[in-house]
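# Examination of the molecular architecture
What follows is each chain in one-letter form.
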Amino acid sequence: MGKTILITGAAGYIGSHTCVCLLQAGWHIVAIDNLCNSSARAIERITELAGRDLRFYTLDVRDYAALSKLLQQESVSAVIHFAGLKSVADSVTRPLDYFDNNVCGSVSLLRALHQQGVRKLVFSSSATVYGHPQQVPIPESAALSVTNPYGRSKLMVEQILEDLAQSDHEWRIATLRYFNPAGAHESGRLGEDPRGEPGNLMPYLAQVAVGRREYLSVFGDDYPTPDGTGVRDYIHVMDLARGHLAALERLFSHSGNFTVNLGTGQGVSVLQAVAAFERASGKAIPKRIAPRRSGDVASCYALATAAQELLGWRAEKKLAQMCSDQWRWQHQNPEGY
Ligand code: NAD
Ligand code: WQD
């Protein structure tokens, strides 16, 4: 408590919510972001909601010299590394940008941390590293594979972190595999503000409900799932934020490294998500059945017990709340920040 944490990608969707959570818990924050997929307004809203300041720098994690200088100025005890690109579709057309940003950016950060003697890191990984899962719910021990360059970049960083931890036992690394983040801060002041057409279901639903898009395309209704549509594990972004707090606390109290799923353990279909969003928003959501999206899996949800056992953390918020918070954010900020 009272220690300073470096947060990369702090202006982004998950980073901004996590900053609020950490500030409210008494941590100090040095925040960096190159704002390639976010707005500096998110930083203003973080301080407004938390009632405390953080120090923000517009900085790219690939800029090793600037990072090193920052770490010399600020006394950082640990890092939460959110910065990266996250669109599966973009990663297929621009793989080098994804490897450069997600892999080279992580290596640049790790070198700067190594140089400054910082040895505690929380890394944003993803359920994408399970590829086409062979079983659901998915335990952390499941086979890992990739279906696109984005997923490969996440798996590569996981492997780099394993090698790093082997090389120097001072490292304490928490690898968090998020399932499908959804929802927004309950105030409606912070939320996801995707640039261009949203690739993910929840922001798309919100933009249809608010009238920015005409209808939702449901990608496939012939999957081997109860209603034929894809099943996912949606997790409230504030639950996710609390998960980072729990992981950070564990790094300060225990040596060693760990990898955990952050999910609810509950599978929800696209049609169930649409119905829940209609109830939350009071809006009818026009939808059309479309072909399956390339690379999609039928069903993906977490075995969520490890995080509970190791961190004493579990997701608390239900789908109805994810939808009502997402709707409040979208309704109050129809064009984003
Ligand atoms: P986001 O795009 O909202 O946030 C990422 C932030 O990083 C953005 O503010 C962006 O401007 C910044 N950034 C990107 N490259 C940077 C760089 N080189 N230097 C500095 N800042 C940089 O995404 P998010 O949903 O908040 O995701 C955060 C992390 O969690 C990402 O690493 C993502 O891959 C991972 N993740 C996201 C999801 C999801 O569905 N949202 C699921 C699993 C894992
Ligand atoms: C959810 C369901 C779609 C949009 C992705 C990444 C994963 C992680 C989370 C970062 C699927 C369906 C969607 C739409 C639809 N991100 N859908 N119409 O694909 O589970 O995971 O985000 O790490 O790596 O792959 O999430 O929100 O895109 O899709 O029918 O317009 O909604 O087919 O069944 P996904 P999603």
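Everything in this summary refers to the structure shown in the same document.

Rules and cut-offs
Residues numbered from 1 in each chain as written. Chains lettered and ligands numbered in written order. Predicted model: local features only at pLDDT ≥ 70, side-chain atom pairs only at ≥ 80, totals over all residues. Heavy atoms only, no water. Helix = DSSP H or I, 4+ residues; strand = E, 2+ residues; numbered from the N terminus. Contact = heavy atoms within 4.5 Å. Near = heavy atom within 4 Å. Polar contact = N/O pair within 3.5 Å; in protein donor to acceptor, adjacent residues only side chain to side chain. Areas by Shrake-Rupley, 256 points an atom, 1.4 Å probe, with all protein chains shown as cover. Nonpolar A, V, L, I, M, F, W, Y, C, P; charged D, E, K, R; others polar. Salt bridge = Lys/Arg side-chain N within 4 Å of Asp/Glu carboxyl O. Buried < 20%, exposed > 50% of the residue type's maximum accessible area, 1.4 Å probe, protein only. Axes fitted to C-alpha atoms, helices over the stretch in contact; angles between N-to-C directions. Left-handed = near helix turned anticlockwise from the far one by under 90°. Pairing = 2+ DSSP bridges. Right-handed = clockwise from strand over helix to strand, strands pointing away. Core = buried A, V, L, I, M, F, W, Y, C linked by side-chain atoms within 4.5 Å.

### Remarks on the environment of Arg-152
Inspection of the secondary structure assignment puts Arg-152 in helix α6 (residues 149–167). The residues touching Arg-152, leaving out its near neighbours within four places in the chain, are Phe-99 and Val-146.

### Re the site of ligand 1
Around ligand 1 there are 28 residues in total, and Ile-14, Asp-33, Asn-37, Ser-38 and Tyr-150 lie nearest to it. Contacts to ligand 1 include Lys-154, whose side-chain N or O atom sits 2.8 Å from an oxygen atom. Protein chains bury 96% of the 810 Å² of accessible surface belonging to ligand 1 in isolation. Of all the secondary-structure elements, those providing two or more residues to the shell around ligand 1 are α1 (13–24), β5 (120–126) and α6. A total of three residues in the shell around ligand 1 trace back to one element, the largest contributor, which is β5. Looking at the shell around ligand 1 residue by residue, the classes come out as 13 nonpolar, ten polar and five charged.

### What to know about the pattern of salt bridges
Tallied over the entire structure, the rule returns 16 salt bridges. As a salt-bridge pair, Glu-48 and Arg-189 come within 2.7 Å of each other at their nearest N and O atoms. Here Arg-189 lies in the loop between β7 (180–182) and α7 (201–209) and Glu-48 lies in helix α2 (residues 41–50), a separation of 141 residues in the sequence. Of the residues examined, Arg-189 reaches a relative accessible area of 30% and is grouped as partly exposed.

### Let's talk about unusual backbone geometry
Both trends apply: most residues other than glycine have a negative phi, and most peptide bonds are in trans. Residue Pro-137 is reached from Val-136 by a cis peptide bond, and omega for that bond is -5 degrees. Assignment of secondary structure puts Pro-137 in the loop between β5 and α6. If you check the backbone angles, Leu-35 has positive phi at about 60 degrees while not being a glycine.

### Some thoughts on the site of ligand 2
Surrounding ligand 2, one finds 18 residues, the nearest of these being Ser-126, Tyr-150, Ser-217, Arg-232 and Asp-296. At a separation of 2.8 Å, an oxygen atom of ligand 2 approaches a polar side-chain atom of Arg-293. Protein chains shield 88% of the accessible area of ligand 2, which is 690 Å² for the free molecule. The greatest single-element share of the shell around ligand 2, amounting to four residues, is contributed by strand β8 (residues 216–219). When the residues that make up the shell around ligand 2 are grouped by side-chain class, the tally is eight nonpolar, seven polar and three charged.

### Looking at the packing of helix α3 (residues 64–73) against helix α5 (residues 95–116)
Orientation of α3 relative to α5, taken along the N-to-C sense of each, is 35 degrees, at an axis distance of 9 Å. Seen along the crossing, α3 lies across α5 with a hand that is right-handed. In this structure, α3 uses Tyr-64, Leu-67, Ser-68, Leu-71 and Gln-72 to contact α5, whose residues at the interface are Ser-108, Leu-109, Arg-111, Ala-112, Leu-113, Gln-115 and Gln-116. Looking at the contact of α3 with α5, its residues break down into six nonpolar, five polar and one charged.

### Here's the deal with the pairing of strand β3 (residues 55–58)
Note: strand β2 (residues 28–33) against β3, four bridges, orientation parallel. Along β3, the bridge assignment pairs Ala-31 with Phe-56. Regarding the hand of the β-α-β motif, the stretch spanning β2, α2 and β3 is right-handed.

### Here's the deal with the nonpolar core
Nonpolar side chains tend to gather and get buried jointly when the protein is soluble and globular. By size, the foremost hydrophobic cluster in this structure holds 47 residues, and its most contacted members are Ile-7, Leu-22, Leu-176 and Leu-262. The element that contributes the greatest number of residues to this core is helix α8 (residues 237–253), accounting for eight residues. Ignoring any residue separated from it by four or fewer positions in sequence, one finds Leu-176 in contact with Val-122, Phe-123, Ser-124, Ser-125, Ser-126, Gly-243, His-244, Ala-247, Phe-258, Val-260 and Leu-262. Core analysis: the next-biggest nonpolar cluster, separate from the first, contains 25 residues, Leu-59, Val-61, Phe-123 and Trp-171 among them.

### Let's talk about the side chain of Thr-18
Following the sequence through the fold, Thr-18 ends up in helix α1. Under the relative-accessibility criterion, Thr-18 is labelled buried at 0%. Those residues in contact with Thr-18 that lie beyond four places of it in its chain are Ile-80, Phe-82, Ala-241 and His-244.

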